[in-house]
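One-letter residues, chain by chain:
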Amino acid sequence: FERKEDYAREIARRDGITEGLICVLATLESSGSFRLRYGEGRPRLVYSQPKCLCLYFYFVDREFGFMHVRIQTWFPFTIQVYINGHDWLARKLTRHGVRYTTLDNAITSVENPARAQRFADHFAKRNWPSVLEAFARRVNPLFKDLLAGYSCYWVADQFEYATDVLFTDRASLEALYTRLREHATLCFSAEDILVFLGRKLHGCFQGEVMNDHKKRQQGTRIKHRMKGNWIKMYDKFGSVLRIETVINDPYEFRVRREGIRGGHKVMGWFPMAKGVANLPRYAEVSHAANRRYLDALTVVNDPGQALQELPSLVQPVKNNGKSHRGFNPLSREDIRLFTAVLRGEHAILGFRNTDIRRHLFDAQARPAQNPRQSARISRLFRILHVHGLIAKVPRSHRWRVTQRGHKLMSAAIVLFNKLYPEVYEQCAA
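Before going into details, it helps to say that this report is about the structure given with it.

Conventions and cut-offs
- Residues numbered from 1 in each chain as written.
- Predicted model: local features only at pLDDT ≥ 70, side-chain atom pairs only at ≥ 80, totals over all residues.
- Heavy atoms only, no water.
- Salt bridge = Lys/Arg side-chain N within 4 Å of Asp/Glu carboxyl O.
- Helix = DSSP H or I, 4+ residues; strand = E, 2+ residues; numbered from the N terminus.
- Buried < 20%, exposed > 50% of the residue type's maximum accessible area, 1.4 Å probe, protein only.
- Pairing = 2+ DSSP bridges.
- Axes fitted to C-alpha atoms, helices over the stretch in contact; angles between N-to-C directions.
- Contact = heavy atoms within 4.5 Å.

1. As for the pattern of salt bridges
With the rule as written, the count across this model stands at 19 salt bridges. Here D61 ties to R138 by a salt bridge, and the two come within 3.7 Å at their closest N and O atoms. Linking D61 in strand β4 (residues 51–61) with R138 in helix α4 (residues 128–139), this pair joins segments that are 77 residues apart in sequence. Look at D61 and you get buried, because its relative accessible area is 13%. Under the relative-accessibility criterion, R138 is labelled partly exposed at 46%. The salt bridge partner of E63 is R126, with a shortest N-O separation of 2.3 Å.

2. Focus on the sheet that holds strand β6 (residues 79–82)
Across the sheet, which stays open at both edges, the four strands sit in the order β1-β4-β5-β6 with antiparallel pairing between neighbours. Each edge of the open sheet is held by one strand with a lone partner, namely β1 (20–30) and β6. Direction aside, neighbouring strands of the sheet carry axes that sit 20 degrees apart on average. Here eight bridges tie β4 to strand β5 (residues 65–72), and the two strands are oriented antiparallel to one another. Residue Y56 lies in a different strand from β5, and its bridge partner there is R70. Packing of helix α1 (residues 4–15) onto the sheet brings it into contact with β1, β4 and β5, and relative to β1 it is tilted by some 155 degrees.

Any link to function would need more than the numbers given here.
Dropping the structure here:
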(Lines give C-alpha, C1' and ligand atoms only; values in the text may rest on other atoms or scores of the structure.)
Protein backbone atom coordinates (compact mmCIF):
# COMPACT_ATOMS: atom_id res chain seq x y z
CA PHE A 1 0.00 0.00 0.00
CA GLU A 2 1.37 3.39 -1.03
CA ARG A 3 -0.01 6.78 0.01
CA LYS A 4 -1.39 8.85 -2.84
CA GLU A 5 0.68 11.84 -1.79
CA ASP A 6 3.94 9.86 -1.83
CA TYR A 7 3.05 8.41 -5.22
CA ALA A 8 2.39 11.90 -6.65
CA ARG A 9 5.66 13.24 -5.23
CA GLU A 10 7.54 10.35 -6.80
CA ILE A 11 5.98 11.14 -10.20
CA ALA A 12 6.99 14.80 -9.81
CA ARG A 13 10.58 13.81 -9.00
CA ARG A 14 10.73 11.28 -11.83
CA ASP A 15 9.35 13.63 -14.49
CA GLY A 16 11.05 16.77 -13.18
CA ILE A 17 7.77 18.65 -12.65
CA THR A 18 8.40 21.92 -10.82
CA GLU A 19 5.12 23.67 -11.65
CA GLY A 20 1.66 22.71 -12.86
CA LEU A 21 -0.38 19.49 -12.82
CA ILE A 22 1.48 16.38 -11.68
CA CYS A 23 -1.17 13.68 -12.07
CA VAL A 24 -4.83 12.79 -11.52
CA LEU A 25 -5.57 9.74 -9.35
CA ALA A 26 -9.00 8.05 -9.24
CA THR A 27 -10.27 6.16 -6.20
CA LEU A 28 -13.61 4.68 -5.13
CA GLU A 29 -14.64 6.27 -1.81
CA SER A 30 -17.70 6.94 0.33
CA SER A 31 -18.90 10.49 -0.33
CA GLY A 32 -21.79 12.68 0.76
CA SER A 33 -24.70 12.73 -1.70
CA PHE A 34 -28.51 12.42 -1.84
CA ARG A 35 -31.04 9.78 -2.81
CA LEU A 36 -34.79 9.55 -3.21
CA ARG A 37 -36.74 8.04 -0.34
CA TYR A 38 -40.31 6.84 -0.99
CA GLY A 39 -43.01 6.69 1.66
CA GLU A 40 -46.14 8.52 2.62
CA GLY A 41 -46.87 11.42 0.32
CA ARG A 42 -44.44 12.41 -2.41
CA PRO A 43 -40.82 11.22 -2.61
CA ARG A 44 -38.20 13.30 -0.81
CA LEU A 45 -34.45 13.74 -0.93
CA VAL A 46 -32.43 12.37 2.00
CA TYR A 47 -28.70 12.44 2.74
CA SER A 48 -26.69 9.32 1.92
CA GLN A 49 -23.06 8.22 1.63
CA PRO A 50 -22.74 6.03 -1.46
CA LYS A 51 -19.41 4.97 -2.89
CA CYS A 52 -18.49 6.98 -5.94
CA LEU A 53 -15.46 7.79 -8.06
CA CYS A 54 -13.33 10.59 -6.60
CA LEU A 55 -10.57 12.36 -8.51
CA TYR A 56 -7.41 13.69 -6.85
CA PHE A 57 -5.62 16.44 -8.80
CA TYR A 58 -2.04 16.90 -7.57
CA PHE A 59 -0.32 20.18 -8.43
CA VAL A 60 2.90 22.03 -7.84
CA ASP A 61 1.36 25.48 -7.60
CA ARG A 62 3.45 28.59 -8.22
CA GLU A 63 2.29 30.15 -4.93
CA PHE A 64 1.25 27.29 -2.67
CA GLY A 65 3.68 24.58 -3.70
CA PHE A 66 2.72 20.90 -3.51
CA MET A 67 -1.05 20.56 -3.01
CA HIS A 68 -4.06 18.59 -4.16
CA VAL A 69 -7.75 19.08 -4.98
CA ARG A 70 -10.28 16.27 -4.47
CA ILE A 71 -13.61 16.26 -6.33
CA GLN A 72 -16.35 13.66 -6.24
CA THR A 73 -17.94 12.84 -9.58
CA TRP A 74 -21.50 12.60 -8.22
CA PHE A 75 -23.84 15.41 -7.23
CA PRO A 76 -23.29 17.72 -5.34
CA PHE A 77 -19.70 17.51 -6.72
CA THR A 78 -18.08 18.34 -3.36
CA ILE A 79 -14.58 19.78 -3.71
CA GLN A 80 -11.83 19.61 -1.10
CA VAL A 81 -8.63 21.65 -1.39
CA TYR A 82 -5.57 20.73 0.69
CA ILE A 83 -2.92 23.45 1.10
CA ASN A 84 0.17 23.27 3.33
CA GLY A 85 1.12 26.62 4.86
CA HIS A 86 4.76 25.55 5.29
CA ASP A 87 5.16 25.08 1.51
CA TRP A 88 3.52 28.47 0.92
CA LEU A 89 5.86 30.15 3.43
CA ALA A 90 8.94 28.52 1.91
CA ARG A 91 8.06 29.85 -1.55
CA LYS A 92 7.31 33.28 -0.07
CA LEU A 93 10.77 33.37 1.56
CA THR A 94 12.38 32.32 -1.72
CA ARG A 95 10.67 35.13 -3.66
CA HIS A 96 11.87 37.70 -1.12
CA GLY A 97 15.44 36.41 -0.98
CA VAL A 98 15.31 35.20 2.65
CA ARG A 99 17.61 32.20 3.09
CA TYR A 100 16.27 29.15 4.90
CA THR A 101 16.58 25.37 5.10
CA THR A 102 13.72 22.86 5.11
CA LEU A 103 13.25 19.19 5.88
CA ASP A 104 9.96 17.66 4.77
CA ASN A 105 7.29 20.20 5.87
CA ALA A 106 9.38 21.91 8.55
CA ILE A 107 11.62 24.97 8.24
CA THR A 108 14.67 24.02 10.32
CA SER A 109 16.51 27.37 10.05
CA VAL A 110 15.74 30.83 8.67
CA GLU A 111 17.88 33.90 8.13
CA ASN A 112 15.31 36.44 9.36
CA PRO A 113 12.78 34.83 11.76
CA ALA A 114 10.90 38.09 12.43
CA ARG A 115 10.29 38.68 8.72
CA ALA A 116 9.25 35.06 8.20
CA GLN A 117 6.75 35.42 11.05
CA ARG A 118 5.24 38.53 9.45
CA PHE A 119 4.74 36.58 6.22
CA ALA A 120 3.12 33.70 8.11
CA ASP A 121 0.73 36.03 9.95
CA HIS A 122 -0.83 37.12 6.63
CA PHE A 123 -1.59 33.58 5.45
CA ALA A 124 -5.01 33.29 7.13
CA LYS A 125 -6.00 36.79 5.98
CA ARG A 126 -5.98 35.96 2.27
CA ASN A 127 -9.17 36.30 0.21
CA TRP A 128 -9.75 32.55 0.45
CA PRO A 129 -13.14 32.34 -1.31
CA SER A 130 -11.62 33.71 -4.54
CA VAL A 131 -8.46 31.56 -4.19
CA LEU A 132 -10.44 28.36 -3.64
CA GLU A 133 -12.97 29.21 -6.35
CA ALA A 134 -10.12 29.45 -8.86
CA PHE A 135 -8.98 25.91 -7.98
CA ALA A 136 -12.55 24.62 -8.22
CA ARG A 137 -12.92 25.94 -11.76
CA ARG A 138 -9.64 24.29 -12.76
CA VAL A 139 -10.89 20.80 -11.87
CA ASN A 140 -14.66 20.95 -12.53
CA PRO A 141 -15.57 21.57 -16.21
CA LEU A 142 -19.28 21.86 -15.31
CA PHE A 143 -18.67 25.46 -14.22
CA LYS A 144 -18.40 26.31 -17.93
CA ASP A 145 -21.91 25.10 -18.82
CA LEU A 146 -24.26 23.30 -16.39
CA LEU A 147 -23.04 25.21 -13.30
CA ALA A 148 -22.31 28.50 -15.05
CA GLY A 149 -23.19 31.41 -12.77
CA TYR A 150 -22.93 29.31 -9.60
CA SER A 151 -20.19 29.36 -6.96
CA CYS A 152 -19.17 27.15 -4.04
CA TYR A 153 -19.64 27.80 -0.33
CA TRP A 154 -16.25 27.18 1.25
CA VAL A 155 -15.71 25.82 4.76
CA ALA A 156 -12.65 24.76 6.75
CA ASP A 157 -13.02 21.01 7.25
CA GLN A 158 -9.84 20.87 9.36
CA PHE A 159 -7.57 23.71 10.41
CA GLU A 160 -4.04 23.13 11.74
CA TYR A 161 -1.95 25.91 13.22
CA ALA A 162 1.61 25.10 14.25
CA THR A 163 4.12 27.07 16.32
CA ASP A 164 7.69 25.87 15.69
CA VAL A 165 10.54 26.48 18.11
CA LEU A 166 13.86 26.03 16.27
CA PHE A 167 16.95 24.64 18.01
CA THR A 168 20.53 25.00 16.81
CA ASP A 169 21.37 21.33 17.32
CA ARG A 170 19.66 18.02 18.03
CA ALA A 171 21.34 17.51 21.42
CA SER A 172 19.78 20.67 22.90
CA LEU A 173 16.23 19.66 22.00
CA GLU A 174 16.73 16.00 22.88
CA ALA A 175 17.75 16.80 26.44
CA LEU A 176 14.88 19.25 26.93
CA TYR A 177 12.14 17.32 25.14
CA THR A 178 12.29 14.41 27.59
CA ARG A 179 11.53 16.80 30.46
CA LEU A 180 8.81 18.59 28.49
CA ARG A 181 7.13 15.28 27.70
CA GLU A 182 7.22 14.18 31.34
CA HIS A 183 5.85 17.53 32.52
CA ALA A 184 2.99 17.48 30.00
CA THR A 185 2.10 13.93 30.99
CA LEU A 186 2.34 14.32 34.78
CA CYS A 187 1.27 17.92 35.40
CA PHE A 188 -1.34 18.84 32.76
CA SER A 189 -4.90 18.02 33.87
CA ALA A 190 -8.20 18.20 32.01
CA GLU A 191 -8.71 21.76 33.28
CA ASP A 192 -5.31 22.72 31.85
CA ILE A 193 -6.32 21.52 28.40
CA LEU A 194 -9.53 23.54 28.54
CA VAL A 195 -7.60 26.66 29.60
CA PHE A 196 -5.11 26.21 26.75
CA LEU A 197 -8.05 26.16 24.32
CA GLY A 198 -9.68 29.19 25.95
CA ARG A 199 -12.42 27.25 27.74
CA LYS A 200 -13.38 26.71 31.38
CA LEU A 201 -14.63 23.56 33.04
CA HIS A 202 -18.20 23.96 34.33
CA GLY A 203 -21.19 21.83 35.15
CA CYS A 204 -22.77 22.22 31.70
CA PHE A 205 -19.67 20.95 29.86
CA GLN A 206 -20.48 17.73 28.00
CA GLY A 207 -17.62 16.03 26.26
CA GLU A 208 -14.38 14.16 26.72
CA VAL A 209 -11.01 15.65 27.62
CA MET A 210 -8.01 13.34 27.47
CA ASN A 211 -4.23 13.11 27.15
CA ASP A 212 -2.63 10.74 24.68
CA HIS A 213 1.03 9.68 24.58
CA LYS A 214 2.24 7.93 21.45
CA LYS A 215 5.58 6.91 20.01
CA ARG A 216 5.99 7.55 16.30
CA GLN A 217 8.71 6.64 13.84
CA GLN A 218 10.01 10.24 13.93
CA GLY A 219 9.79 10.60 17.74
CA THR A 220 7.26 10.92 20.57
CA ARG A 221 4.00 12.82 20.31
CA ILE A 222 1.81 14.16 23.15
CA LYS A 223 -1.82 14.93 22.26
CA HIS A 224 -4.39 16.66 24.47
CA ARG A 225 -7.90 16.33 23.08
CA MET A 226 -11.09 18.24 23.89
CA LYS A 227 -14.01 16.78 21.93
CA GLY A 228 -13.06 17.20 18.25
CA ASN A 229 -10.21 19.67 18.87
CA TRP A 230 -6.74 19.01 20.19
CA ILE A 231 -3.27 20.34 20.93
CA LYS A 232 -0.21 18.28 19.99
CA MET A 233 3.43 18.53 20.97
CA TYR A 234 6.13 16.62 19.11
CA ASP A 235 9.68 16.97 17.86
CA LYS A 236 10.41 17.23 14.13
CA PHE A 237 13.67 15.66 13.01
CA GLY A 238 15.28 16.30 16.39
CA SER A 239 15.74 20.05 15.87
CA VAL A 240 12.20 21.54 15.81
CA LEU A 241 9.77 21.54 18.74
CA ARG A 242 6.26 21.86 17.30
CA ILE A 243 3.14 22.87 19.21
CA GLU A 244 0.10 22.38 16.99
CA THR A 245 -3.57 23.21 17.53
CA VAL A 246 -6.05 21.32 15.35
CA ILE A 247 -9.65 22.60 15.05
CA ASN A 248 -12.27 20.22 13.70
CA ASP A 249 -15.20 21.57 15.73
CA PRO A 250 -15.08 25.40 15.61
CA TYR A 251 -18.46 25.73 17.35
CA GLU A 252 -16.60 25.26 20.65
CA PHE A 253 -15.12 28.75 20.16
CA ARG A 254 -16.64 32.18 19.63
CA VAL A 255 -16.19 34.92 17.07
CA ARG A 256 -17.48 38.50 17.08
CA ARG A 257 -20.02 38.79 14.31
CA GLU A 258 -23.56 39.84 13.55
CA GLY A 259 -26.24 37.54 14.94
CA ILE A 260 -29.79 37.30 16.32
CA ARG A 261 -30.53 37.74 20.03
CA GLY A 262 -33.97 38.28 21.44
CA GLY A 263 -35.34 38.59 17.93
CA HIS A 264 -33.01 41.49 17.10
CA LYS A 265 -29.91 41.62 14.93
CA VAL A 266 -26.91 42.61 17.07
CA MET A 267 -23.12 42.51 17.02
CA GLY A 268 -21.76 40.12 19.63
CA TRP A 269 -19.80 36.96 20.38
CA PHE A 270 -21.42 33.91 18.77
CA PRO A 271 -20.27 30.33 18.14
CA MET A 272 -17.73 30.19 15.33
CA ALA A 273 -18.88 28.42 12.17
CA LYS A 274 -16.78 26.58 9.58
CA GLY A 275 -16.93 29.25 6.87
CA VAL A 276 -13.51 30.35 5.58
CA ALA A 277 -14.43 33.94 6.43
CA ASN A 278 -13.57 32.92 10.01
CA LEU A 279 -10.01 31.79 9.19
CA PRO A 280 -8.42 34.89 10.83
CA ARG A 281 -10.30 34.01 14.02
CA TYR A 282 -9.22 30.35 13.66
CA ALA A 283 -5.61 31.57 13.56
CA GLU A 284 -6.15 33.91 16.52
CA VAL A 285 -7.65 31.14 18.69
CA SER A 286 -4.96 28.62 17.71
CA HIS A 287 -2.11 31.06 18.22
CA ALA A 288 -3.39 31.90 21.70
CA ALA A 289 -3.71 28.18 22.53
CA ASN A 290 -0.14 27.48 21.40
CA ARG A 291 1.20 30.41 23.42
CA ARG A 292 -0.64 29.28 26.56
CA TYR A 293 0.79 25.79 26.11
CA LEU A 294 4.33 27.11 25.68
CA ASP A 295 3.91 29.43 28.68
CA ALA A 296 2.85 26.44 30.77
CA LEU A 297 6.04 24.64 29.72
CA THR A 298 8.35 27.51 30.68
CA VAL A 299 8.59 26.15 34.23
CA VAL A 300 10.45 23.13 32.86
CA ASN A 301 14.14 23.87 33.11
CA ASP A 302 17.10 22.00 34.56
CA PRO A 303 15.48 19.53 37.01
CA GLY A 304 18.76 19.02 38.80
CA GLN A 305 18.83 22.65 39.93
CA ALA A 306 15.20 22.52 41.12
CA LEU A 307 15.80 19.25 42.97
CA GLN A 308 18.81 20.79 44.70
CA GLU A 309 16.57 23.59 45.98
CA LEU A 310 13.87 21.23 47.26
CA PRO A 311 15.53 20.79 50.71
CA SER A 312 14.79 24.48 51.35
CA LEU A 313 11.08 23.56 51.36
CA VAL A 314 11.63 21.00 54.11
CA GLN A 315 13.19 23.48 56.53
CA PRO A 316 10.91 25.56 58.79
CA VAL A 317 10.79 29.29 57.99
CA LYS A 318 10.47 32.12 60.53
CA ASN A 319 8.41 35.18 59.66
CA ASN A 320 7.58 38.01 62.08
CA GLY A 321 8.85 35.92 64.95
CA LYS A 322 6.63 32.93 64.07
CA SER A 323 7.93 29.61 62.79
CA HIS A 324 6.15 27.97 59.87
CA ARG A 325 6.61 24.32 59.01
CA GLY A 326 8.24 23.06 55.87
CA PHE A 327 6.80 20.80 53.16
CA ASN A 328 7.56 17.13 52.58
CA PRO A 329 7.99 16.38 48.83
CA LEU A 330 7.12 12.73 49.57
CA SER A 331 3.93 13.55 51.46
CA ARG A 332 0.78 12.75 49.53
CA GLU A 333 -1.11 15.60 51.22
CA ASP A 334 1.54 18.19 50.30
CA ILE A 335 1.66 16.92 46.70
CA ARG A 336 -2.15 17.21 46.51
CA LEU A 337 -1.82 20.82 47.69
CA PHE A 338 0.88 21.59 45.09
CA THR A 339 -1.20 19.97 42.34
CA ALA A 340 -4.31 21.95 43.30
CA VAL A 341 -2.41 25.25 43.33
CA LEU A 342 -0.74 24.57 39.96
CA ARG A 343 -3.96 23.67 38.14
CA GLY A 344 -4.17 25.34 34.75
CA GLU A 345 -7.56 26.92 35.46
CA HIS A 346 -5.73 29.30 37.86
CA ALA A 347 -3.19 30.44 35.27
CA ILE A 348 -5.08 33.56 34.16
CA LEU A 349 -6.97 34.94 37.18
CA GLY A 350 -5.21 33.21 40.07
CA PHE A 351 -7.01 31.26 42.80
CA ARG A 352 -8.99 31.86 45.99
CA ASN A 353 -9.56 29.94 49.18
CA THR A 354 -12.76 28.39 47.82
CA ASP A 355 -11.00 27.21 44.64
CA ILE A 356 -8.39 25.19 46.53
CA ARG A 357 -10.89 24.00 49.15
CA ARG A 358 -13.05 22.52 46.39
CA HIS A 359 -10.14 20.38 45.15
CA LEU A 360 -8.75 19.29 48.51
CA PHE A 361 -11.96 18.50 50.39
CA ASP A 362 -15.19 16.70 49.72
CA ALA A 363 -17.53 18.96 47.75
CA GLN A 364 -20.48 17.45 49.64
CA ALA A 365 -19.09 18.46 53.04
CA ARG A 366 -21.59 19.69 55.63
CA PRO A 367 -21.88 23.52 55.99
CA ALA A 368 -20.61 23.26 59.57
CA GLN A 369 -17.29 21.96 58.24
CA ASN A 370 -16.72 24.83 55.80
CA PRO A 371 -15.34 27.36 58.32
CA ARG A 372 -12.80 24.85 59.63
CA GLN A 373 -11.77 23.89 56.09
CA SER A 374 -11.51 27.55 55.08
CA ALA A 375 -9.30 28.31 58.07
CA ARG A 376 -7.07 25.34 57.24
CA ILE A 377 -6.63 26.55 53.64
CA SER A 378 -5.77 30.03 54.93
CA ARG A 379 -3.03 28.52 57.11
CA LEU A 380 -1.68 26.57 54.11
CA PHE A 381 -1.67 29.77 52.03
CA ARG A 382 0.33 31.48 54.78
CA ILE A 383 2.92 28.69 54.74
CA LEU A 384 3.13 28.71 50.94
CA HIS A 385 3.55 32.48 51.03
CA VAL A 386 6.42 32.57 53.55
CA HIS A 387 8.23 29.93 51.49
CA GLY A 388 7.92 32.21 48.44
CA LEU A 389 5.75 29.78 46.47
CA ILE A 390 2.70 32.04 46.06
CA ALA A 391 2.08 35.79 46.14
CA LYS A 392 -1.04 37.88 46.79
CA VAL A 393 -2.73 39.59 43.85
CA PRO A 394 -2.99 43.28 44.85
CA ARG A 395 -6.42 44.61 45.83
CA SER A 396 -8.10 41.20 45.64
CA HIS A 397 -8.66 37.97 47.53
CA ARG A 398 -6.73 36.00 44.93
CA TRP A 399 -3.27 34.47 44.92
CA ARG A 400 -0.89 33.55 42.11
CA VAL A 401 2.01 31.11 41.85
CA THR A 402 5.49 32.70 41.79
CA GLN A 403 8.28 31.65 39.46
CA ARG A 404 9.97 29.91 42.40
CA GLY A 405 6.69 28.18 43.18
CA HIS A 406 6.30 26.88 39.63
CA LYS A 407 9.84 25.53 39.68
CA LEU A 408 9.87 23.88 43.11
CA MET A 409 6.31 22.57 43.24
CA SER A 410 6.62 21.08 39.74
CA ALA A 411 9.92 19.46 40.76
CA ALA A 412 8.25 18.01 43.88
CA ILE A 413 5.42 16.55 41.78
CA VAL A 414 7.92 14.94 39.39
CA LEU A 415 9.91 13.59 42.36
CA PHE A 416 6.80 12.09 43.94
CA ASN A 417 5.26 10.63 40.76
CA LYS A 418 8.36 9.54 38.83
CA LEU A 419 11.73 9.60 40.55
CA TYR A 420 10.68 8.21 43.93
CA PRO A 421 8.71 5.23 42.47
CA GLU A 422 11.70 4.35 40.26
CA VAL A 423 14.13 4.41 43.22
CA TYR A 424 11.67 2.46 45.39
CA GLU A 425 11.25 -0.18 42.69
CA GLN A 426 15.02 -0.55 42.32
CA CYS A 427 15.44 -0.97 46.09
CA ALA A 428 12.64 -3.52 46.23
CA ALA A 429 14.26 -5.53 43.46
